[in-house]
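Now for the letters of each chain:
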Amino acid sequence: MYIHDHLISAIGSQKYHACLCLLDISAVFDTTDYGILITRLSFWFGIHGPVLSWFKSYLSSRCFHVKCESYLSSWHTSSWGVPQGSVLGPLLFVMYTTPLSTLISSCSLNQHLYAEDTQLFLSFLLTHFDSSTEHFPNALNRISSWMTANPLTLNSCQTEHHSLCLKPRLHIQ
């Protein structure tokens, strides 16, 4: 609702233009690096001692196997990803990507992040179209670099860019 209200307010005045970028991050829950996550829990969120040990225990040595009809695979140990379908999965991923939110803010873009859904948006005066739209390519390059350094993949083929404005009203006399 926040994004909707922001965009409608911006373009409703007919003085502003708005840009929206919907990022698609591939396999977010499967590629979360445990070491990076534990470090973020400690340094970004101040989690230490027994609570940090509990998170380490929760994430480490997770085993799984796959059943297809009557066939059951052998057990495998997962060293990546956050548990899907758990209450903590989305929360841990949001904590993992907290530095991304800081990076996006430093690019002067508005944002809405929740798990793998990341929306970037910006509104600006129509007279500043060229200089304002330069924010997105620069920000996307920085975001892509951050994701590479944090074993995440920005799926550029599925990322959407939208430019929004109202057509000027015709003044009939």
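Just so we're clear, the structure is a prediction, and the values are computed from it rather than from any experiment.

## Quick look at the packing of aromatic side chains
Each aromatic ring pair is characterised by the separation of its centres together with the angle its planes make.
Then comes step 1: All told, the structure shown has three aromatic pairs when counted by the stated rule.
Then comes step 2: For the pair Trp54 and Phe55, a centre-to-centre distance of 5.1 Å together with 75° between the ring planes defines the contact as edge-to-face.
Then comes step 3: Judged by its relative accessible area of 45%, Trp54 is partly exposed.
Then comes step 4: The exposure class assigned to Phe55 is buried, which follows from its relative accessible area of 10%.
Then comes step 5: The aromatic ring of Tyr96 is capped on one face by Arg40, whose charged end is 5.2 Å from the ring centroid.

## Some remarks on the nonpolar core
Inside soluble globular proteins, nonpolar side chains tend to come together where they are buried.
Then comes step 1: Counting residues in hydrophobic clusters, the biggest one holds 37 residues, and the most contacted among them are Leu41, Leu92, Leu109, Leu120, Ile143 and Met147.
Then comes step 2: Listing elements by their share of this core, those giving two or more residues are strand S1 (16-26), helix H2 (34-43), helix H3 (49-59), helix H4 (88-96), helix H5 (98-106), strand S7 (117-125) and helix H7 (135-149).
Then comes step 3: In terms of residue count, H7 provides more of this core than any other element does, six residues in total.

## Here we look at the confidence of the model for the protein
Then comes step 1: Confidence in the prediction of the protein, expressed as mean pLDDT, is 80, and 81% of residues score 70 or more.
Then comes step 2: Ranking the elements of the protein by mean pLDDT puts helix H6 (residues 129-133) last with 67 and H2 first with 93.

## Topic: H7
Then comes step 1: For H7, spanning 15 residues, the distance from its first C-alpha to its last is 21 Å, which sits close to the expected 21 Å at 1.5 Å a residue.
Then comes step 2: Of all the positions in H7, only Phe136, Ala139, Leu140, Ile143, Trp146 and Met147 are classed as buried. One side of H7 holds all its buried residues, which, seen down the axis, span an arc of 125°. The outward face of H7, more than 90 degrees from its buried face, is lined by the exposed residues Asn141, Thr148 and Ala149.
Then comes step 3: The positive-phi residue at the C-terminal boundary of H7 is Pro151, with phi of around 20°.

Reading the values: the criteria
Residues numbered from 1 in each chain as written. Predicted model: local features only at pLDDT ≥ 70, side-chain atom pairs only at ≥ 80, totals over all residues. Heavy atoms only, no water. Phe/Tyr/Trp six-rings, centres within 6.5 Å; stacked < 30°, edge-to-face > 60°. Buried < 20%, exposed > 50% of the residue type's maximum accessible area, 1.4 Å probe, protein only. Lys NZ or Arg CZ within 6 Å of the ring centre and 35° of its normal. Core = buried A, V, L, I, M, F, W, Y, C linked by side-chain atoms within 4.5 Å. Helix = DSSP H or I, 4+ residues; strand = E, 2+ residues; numbered from the N terminus. pLDDT = per-residue confidence, 0-100. Expected span 1.5 Å × (residues − 1). Arc of directions from axis to C-beta.

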